[in-house]
Amino acid sequence: MGEKFETLKSEFKKIIWPDQRTVVRETTAVVVTGVLLGIFLAVLDTVIKFGLSFIL
């Protein structure tokens, strides 16, 4: 059991953690992309609703 933890510990040391600037930049990109996608889908939904109500 102890051998597994030693292996896990040595593997954990191999991880290259990003610096704070990279984390902030990538998080900002994800949030902005999510917001823009949400706005796009809301506009698309509104257009489709208007189009269907016009047709029907």
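The rules behind the values
- Each residue is numbered by its place in its chain's sequence as written, counting from 1.
- The predicted nature of this model means local features are confined to residues of pLDDT at least 70 and side-chain atom pairs, given and counted, to a pLDDT of 80 or more, with totals for whole chains, interfaces and linings taken over all residues.
- The side-chain numbers reported here are obtained from all heavy atoms of the structure, hydrogens and water having been left aside.
- Secondary structure elements are defined from DSSP: runs of H or I of at least 4 residues count as helices, runs of E of at least 2 residues count as strands, and each element is numbered from the N terminus.
- The globule rule used here is 2.2 Å times the number of residues to the 0.38 power, and the radius of gyration it is set against is calculated over C-alpha atoms.
- Relative accessibility under 20% of the residue-type maximum defines a buried residue, over 50% an exposed one, and the middle range a partly exposed one, all with a 1.4 Å probe and only protein chains included.
- The protein chains shown are the only cover counted for residues, whose accessible areas, like all others here, come from Shrake-Rupley with a 1.4 Å probe.
- Between Lys or Arg on one side and Asp or Glu on the other, a salt bridge is scored when a side-chain nitrogen of the former is within 4 Å of a carboxyl oxygen of the latter.
- The residues that make up patches have over 30% relative accessible area and no salt bridge, and they are joined within 9 Å when like-charged or within 5 Å when they are Val, Leu, Ile, Met, Phe, Trp or Tyr.

Draft legend 1. Region of the structure containing the overall build of the protein chain. Scanning the protein chain for helices and strands turns up 2 helices and 0 strands. Taken over the C-alpha trace, the protein chain has a radius of gyration of 23 Å; the compact-globule value for 56 residues is 10 Å, which it surpasses by more than 25%. Along the three orthogonal principal directions, the C-alpha set of the protein chain runs to about 70 × 30 × 10 Å. Expressed as a percentage of the 56 residues in the protein chain, the buried residues total 2%. Roughly 5,600 Å² of accessible area belongs to the protein chain as shown, and the carbon and sulfur atoms make up 73% of that amount.

Draft legend 2. Structural detail: the pattern of salt bridges. Summed over the entire model, instances satisfying the criterion amount to 2 salt bridges. Put simply, Lys49 and Asp45 hold a salt bridge, and the shortest N to O gap is 3.6 Å. Taken together, the residues span about one helical turn, with Lys49 and Asp45 both in helix α2 (residues 20–55) at a distance of 4 residues. On the basis of relative accessible area, Asp45 is assigned to the partly exposed category, the value being 38%.

Draft legend 3. Local environment of a nonpolar patch on the surface. Together, Leu37, Phe40, Leu41, Leu44, Ile48, Phe50, Leu52, Phe54, Ile55 and Leu56 make up an exposed nonpolar region whose accessible area comes to about 1,200 Å². Position of Leu37 among the secondary structure elements: in helix α2.

Draft legend 4. Local environment of the environment of Glu6. Looking at where Glu6 falls in the secondary structure, it is placed in helix α1 (residues 2–13). With 34 residues separating them along the chain, Glu6 and Phe40 place their C-alpha atoms 49 Å apart.

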